[in-house]
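Residues per chain, in single letters:
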Amino acid sequence: MKVDLRINGANRSADIEPRKTLLDALRENFLLNGTHAGCEHGVCGACTVLVDGEPVRSCLMFAVQADGYEITTIEGLAPAPGELSVIQDAFCETHGLQCGYCTPGMILSAHALLQHTVTPTREDIVEAISGNICRCTGYGQIIEAVQFAADRLRIANTPQPHHDGPHAHAEGKPVVEAK
């Protein structure tokens, strides 16, 4: 069956069996291997992707069900090739990953939270990542990474005062206009 999907902002098509999961289609048909296969029962969260901005277990969704939705994988978060998103960078800086198997799902779950919540509480973060199992970190660094990313995003999105016009100040001194 021909399926047209919108993945990471690009329209993609493939012939896919109706019984194929979105997880398998992403990995096998579109070669997006950042989405990991874990338990394949929807418990571990390793296969988490965003569907219209919300975290979804791709092992529990058929690829044909994703038709018409915007799918974001971990590969779709980077602003440009070779760059990291704010949340990806925060995970690196705070050592929020160890083996890395759960990391894509954790990052996508955290990304979804930060799209809706500017100042998440610890409880908000714990709730957002609660569907993702990590067997390495003990979650402390992951929570720290999400909070670090939230702080960075909040600072980056805070409007900075700007002074333009004839009475603008440079280093606290009035600008003198030449006549």
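(A) The arrangement of the nonpolar core in detail. Of all hydrophobic cores here, the largest spans 23 residues; its most connected members are Ile87, Phe91, Met106, Leu114 and Val146. Secondary-structure elements contributing two or more residues to this core are helix H2 (86–93), helix H3 (103–116), helix H4 (122–129) and helix H5 (140–156). Take this core: its biggest share by element is 7 residues, from H3. With residues near it in sequence (within four places) discarded, Ile87 still touches Leu77, Ile107, Ala110, Leu114, Ala145, Val146 and Ala149. Leu5, Ile16, Leu22 and Leu32 belong to the second-largest nonpolar core, a separate cluster that totals 16 residues.

(B) Just the sheet that holds strand E4 (residues 54–57), in detail. In space, the 5 strands of this open sheet follow the order E2-E1-E5-E3-E4, with mixed pairing throughout. The strands lining the two open edges of the sheet, one partner per strand, are strand E2 (10–15) and E4. Across the sheet, the mean angle separating the axes of adjacent strands is 40° when strand polarity is ignored. Both strand E1 (residues 2–7) and E2 contribute to a ladder of 6 bridges, which runs antiparallel. Residue pairing for E2: Asp4 is matched across the bridge by Ser13. The strands that H3 touches are strand E3 (48–51), E4 and strand E5 (70–72); relative to E3, the one it contacts most, it runs at about 35°.

About the criteria used
- Residues numbered from 1 in each chain as written.
- Predicted model: local features only at pLDDT ≥ 70, side-chain atom pairs only at ≥ 80, totals over all residues.
- Heavy atoms only, no water.
- Core = buried A, V, L, I, M, F, W, Y, C linked by side-chain atoms within 4.5 Å.
- Buried < 20%, exposed > 50% of the residue type's maximum accessible area, 1.4 Å probe, protein only.
- Helix = DSSP H or I, 4+ residues; strand = E, 2+ residues; numbered from the N terminus.
- Contact = heavy atoms within 4.5 Å.
- Pairing = 2+ DSSP bridges.
- Axes fitted to C-alpha atoms, helices over the stretch in contact; angles between N-to-C directions.

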